[in-house]
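Here's the letter readout for the chains.
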Amino acid sequence: MSKPPNPITQGLRAVARDPAIFLVEILWRWSFAVLACMLVAGVGMMLLGPLHVGKAWYTAWGSRDPQRMGQLLLAIILLLGAKLIIAAIAVPFAIALLWGILAALGRFVTIKRLSSGLTSLRFRTVFALQLLRGLVSWFALILLFATTIGEALIATRGTQPDLVLYYLMVMPSVVLIGVSWLVLNWYLSLAAIFGREGQSFRGAFRQARQTVRQQRSDFAGTGFVFLLFRTIILLIVVAICGLASGMAGTAPQSYFVLLIVVSLTYFAIADFLYMARMAAYLALAAAHVDSAAGPTLVAPSSAFPVENTPTL
């Protein structure tokens, strides 16, 4: 009997055969990026507009004096006062909510196309998972910022800053916070694709954990392969930008356009690989799903056999 193709190949083929999956992923992700930037810019203009600090900031920036720029930032913070605190709470929550809505819409459509509709979660459950991903990301960022600032204060309590002590404290903290966020975010993203119809938020999360536990090494191997793909592409992008850096002095506008084009190309390829990874996970999990226990996890249009080959 011939050996069936591995889940990595299946995932790549599934997305290539149904370009709508890839296009929907690009649509919601890039829409989120644009809307989030517009939100931040709008709030910034509302807060800073009445202060008329544009000229002062350009002067401080042109001076290249860190102390002068720091004094200006402190003055802006003191002038804004409570408005800045409200914005610091409201804007992250608004961005997380925007992420939750757009990510839930995009994931609901893409998973419907990758898997049988009978196995898909309800939209409100997908929305809850995606909203939690956004809130957890903000919490991890705030915790990381607070931790590094607190450890910097501890390391500078004496007459001279203790850099050894600072790095001994900050490096484990960054690793711990980063790994914890990555693991939780990964399981939440898997819950949205492995959850079954009728399952609650907790049920979908447990389903994802159980599925990964059954094939832990296979999922880890799959993830590593796709991470390797993205790393290679990123290195190519960095090489292109580096080799063309001479244009920054002779033709800065052309170099800026090149950076935009190369960056957008990288993000598009990254989105394609992300959906291929999700399809590979579904194909990998389908190998351990009894046909009598529930509907197929892989869409008929992509109908590929599965084997226990590592995939990301």
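This report concerns the structure included in the present document. (Residues numbered from 1 in each chain as written. Predicted model: local features only at pLDDT ≥ 70, side-chain atom pairs only at ≥ 80, totals over all residues. Heavy atoms only, no water.)

This brings us to the overall build of the chain. Looking only at helices and strands, one finds 11 helices and 0 strands in the chain. Overall, the chain shows an N-to-C arrangement of helices and strands of α-α-α-α-α-α-α-α-α-α-α. In the chain, buried positions account for 37% of the 312 residues. Working note: accessible area of the chain is about 18,000 Å², and carbon and sulfur atoms make up 72% of it. (Helix = DSSP H or I, 4+ residues; strand = E, 2+ residues; numbered from the N terminus. Buried < 20%, exposed > 50% of the residue type's maximum accessible area, 1.4 Å probe, protein only. Areas by Shrake-Rupley, 256 points an atom, 1.4 Å probe, with all protein chains shown as cover.)

In this section: the pattern of salt bridges. Using the criterion set out here, one finds 4 salt bridges in the structure. A salt bridge links Glu25 to Arg107; the nearest nitrogen and oxygen atoms lie 2.9 Å apart. Taken together, the positions of Glu25 in helix 2 (residues 19-48) and Arg107 in helix 5 (residues 82-114) put the pair 82 residues apart, joining distant regions of the chain. What makes Glu25 buried here is its relative accessible area of 0%. By relative accessible area, which is 3% here, Arg107 ends up buried. For Arg29, the salt bridge is made with Asp271, and the minimal N-O distance between the two is 3.7 Å. Separated by 242 residues along the polypeptide, Arg29 in helix 2 and Asp271 in helix 11 (residues 252-286) bring together distant segments of the chain. Accessibility expressed as a relative area gives 8% for Asp271, which makes it buried. It is possible to trace a salt-bridge network through shared partners that takes in Glu25, Arg29, Arg107 and Asp271. (Salt bridge = Lys/Arg side-chain N within 4 Å of Asp/Glu carboxyl O.)

Closest axis-to-axis distance for the helix 5/helix 11 pair is 11 Å, and the angle between their directions is 50°. When the axes of helix 5 and helix 11 are compared, the pair comes out oblique. At the point where helix 5 passes helix 11, the crossing takes the right-handed sense. Of the residues in helix 11, those in contact with Arg107, Thr110 and Leu114 of helix 5 are Tyr274, Met275, Ala279 and Leu282. (Axes fitted to C-alpha atoms, helices over the stretch in contact; angles between N-to-C directions. Parallel < 35°, antiparallel > 145°, perpendicular 65-115°, else oblique. Left-handed = near helix turned anticlockwise from the far one by under 90°. Contact = heavy atoms within 4.5 Å.)

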